[in-house]
Amino acid sequence: MRKFGIFILSSLLFLLVTILIFSINIKRVVNENIIVNLVKTTVVEESVKSLVDSDVAKEQIETIKEKLKTNKEVDELIDKYTNITMDSLSGKDIGDINMEEDIKKFIINNKETIENELNVELDDSKIEKALDKASESGELSKVYKEAMENARSDMSDEAVTVMKMYSEMINLQFQLFLLGGIVILVVLIGLLKDSVYKWMINLGVVSLIAGIINTVLFALFSVFMKLSLSSVKTSVNISIYDNIIIPVGVVVLSIILLIVYSIINKKFKEEDEEVEVLEDE
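Keep in mind that what you see is a predicted model, and the values were worked out from it rather than measured.

## Examining the overall build of the chain
Next, step 1: Looking only at helices and strands, one finds twelve helices and zero strands in the chain.
Next, step 2: When the helices and strands of the chain are listed from N to C terminus, the series reads α-α-α-α-α-α-α-α-α-α-α-α.
Next, step 3: Here the chain holds 281 residues, and the buried ones make up 42% of them.
Next, step 4: Here the contacts in the chain between residues at least 6 apart in sequence split such that 86% fall between residues at least 24 apart.
Next, step 5: On the chain, roughly 16200 Å² of surface is accessible, and the fraction owed to carbon and sulfur atoms is 58%.

## Focus on the nonpolar core
Next, step 1: Counting 17 residues, the largest nonpolar core has I26, M155, M163, F218, F221 and M225 as its most contacted members.
Next, step 2: Ranked by residues supplied to this core, first place goes to helix α8 (residues 157-169) with six residues.
Next, step 3: By size, the runner-up hydrophobic cluster in this structure holds 15 residues, among which are L9, L13, L185 and L203.

## Some words on the side chain of S10
Next, step 1: In this fold, S10 is placed in helix α1 (residues 2-51).
Next, step 2: Within the local environment of S10, its side chain forms a polar contact with the side chain of N202, the two groups lying 2.9 Å apart.

## A look at the side chain of S23
Next, step 1: Mapped onto the secondary structure, S23 falls in helix α1.
Next, step 2: Given the relative accessible area of 0%, S23 is considered buried.
Next, step 3: Beyond its immediate stretch of four places on either side in the chain, S23 contacts M169, I170, F174 and Q175.

## Some words on unusual backbone geometry
Next, step 1: One non-glycine residue, D194, lies in positive phi territory at about 55°.
Next, step 2: Take D194: it is sitting in the loop between α9 (172-193) and α10 (199-228).

## Some points on the packing of α8 against α10
Next, step 1: One can describe the packing of α8 onto α10 by two numbers: an axis separation of 10 Å at closest approach and a directional angle of 125°. Judged by the angle between their axes, α8 and α10 are oblique. The element α8 and its partner α10 pack so that their crossing is left-handed. Counting all contacts with α8, which are made through E158, A159, V162 and M163, the residues of α10 involved are F221, F224 and M225.
Next, step 2: In terms of residue class, the contact of α8 with α10 is made up of six nonpolar, no polar and one charged.

## Overview of α8
Next, step 1: Helix length check: α8, at 13 residues, gives a terminal C-alpha distance of 18 Å against a target of 18 Å (1.5 Å per residue), a fit within 8%.
Next, step 2: Where α8 is concerned, the buried positions are A159, V160, V162, M163, Y166 and M169.

## A look at the packing of aromatic side chains
Next, step 1: A complete count under the given rule lists three aromatic pairs for this structure.
Next, step 2: Pairing F22 with F218 gives two aromatic rings, centres 5.3 Å apart and planes at 35°, and the pair type is tilted. Here F218 lies in helix α10 and F22 lies in helix α1, a separation of 196 residues in the sequence. Accessibility assignment for this pair places F22 and F218 in one class, buried.
Next, step 3: With 6.1 Å between their ring centres and 80° between their planes, F218 and F221 make a pair best called edge-to-face.

## Description of the packing of α9 against α10
Next, step 1: Here α9 crosses α10 at 135°, and the two axes come no closer than 8 Å. Relative to α10, the element α9 is oriented oblique. The residues of α10 that touch α9, namely those facing V186, I189, G190 and K193, are W199, I201, N202 and L203.
Next, step 2: The residue makeup of the contact of α9 with α10, split by class, is five nonpolar, two polar and one charged.

## Details of the environment of S222
Next, step 1: Looking at where S222 falls in the secondary structure, it is placed in helix α10.
Next, step 2: By relative accessible area, which is 1% here, S222 ends up buried.
Next, step 3: Taking the C-alpha atoms as reference points, S222 and I238, 16 residues apart in sequence, are found 6.3 Å from one another.
Next, step 4: In this structure, S222 is in contact with I238, S239, I240 and N243, ignoring residues within four places of it in sequence.

## Thoughts on the environment of F7
Next, step 1: Examined against the element boundaries, F7 turns out to sit in helix α1.
Next, step 2: Spatially, the C-alpha atom of F7 lies 9.2 Å from that of I189, the residues being 182 residues apart in sequence.

## Considerations on the environment of V252
Next, step 1: You can see V252 is positioned in helix α12 (residues 245-280).
Next, step 2: Considered as a pair, V252 and G211 are 41 residues apart in the sequence and their alpha carbons are 8.8 Å apart.

Reading the values: the criteria
Residues numbered from 1 in each chain as written. Predicted model: local features only at pLDDT ≥ 70, side-chain atom pairs only at ≥ 80, totals over all residues. Heavy atoms only, no water. Helix = DSSP H or I, 4+ residues; strand = E, 2+ residues; numbered from the N terminus. Buried < 20%, exposed > 50% of the residue type's maximum accessible area, 1.4 Å probe, protein only. Contact = heavy atoms within 4.5 Å. Areas by Shrake-Rupley, 256 points an atom, 1.4 Å probe, with all protein chains shown as cover. Core = buried A, V, L, I, M, F, W, Y, C linked by side-chain atoms within 4.5 Å. Polar contact = N/O pair within 3.5 Å; in protein donor to acceptor, adjacent residues only side chain to side chain. Axes fitted to C-alpha atoms, helices over the stretch in contact; angles between N-to-C directions. Parallel < 35°, antiparallel > 145°, perpendicular 65-115°, else oblique. Left-handed = near helix turned anticlockwise from the far one by under 90°. Nonpolar A, V, L, I, M, F, W, Y, C, P; charged D, E, K, R; others polar. Expected span 1.5 Å × (residues − 1). Phe/Tyr/Trp six-rings, centres within 6.5 Å; stacked < 30°, edge-to-face > 60°.

Structure below.
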């Protein structure tokens, strides 16, 4: 009966660990491969286009773009637009988008970078005029919304389903719930085994299997997304290696945990044998 109980708890542990790895990694994969590209491209492209004259060399423009894409403000905007982007990619109506104020702040904060690259002084009135024009036409918001709609239209129904799963699974409360369940299951397994360390083999084995499954899953997911988004204009770059770092890390940690268990278990067995020898004497 005890072995059956351990089997059931270990099965539940495997399920929770697998889902937790998937939940954590899918957020990173989608953020890095889709949202980062959408936000950076839209913000930087439109900001530079609003300020730079047509006679500026293409090389200078590209240099400015690359510098602006590594800017702190871009990262802050990525966080802000994560939910909006995912709602769009999962098929939800995102309504009206107003990026003008964010773009305005971004341009003003990065005016010095643009001036240094062009070796000119940007007139404040020129900046305001460009921003007012964009604000009146709704150009910036329109471009961003169109970029998301293009990404969504180029995705298959299966990819959209994945996006819907993503929006539900990346919730921090959901991840904490899974983590709490894992801790409880590990404690229960330890109690059933009546040991302070033998739970390690259960956690190690289920984590190893869950890590391998997620590694294969995200490798296939990366190939699938690369094909689905191949025609998107927002320079989405899918990297299989980057997308499997977390599950591969879980596999490595699981192996380390099993090695530690093996060392501890061997030590306890040797101590038990020594006690038996002493008792026989």
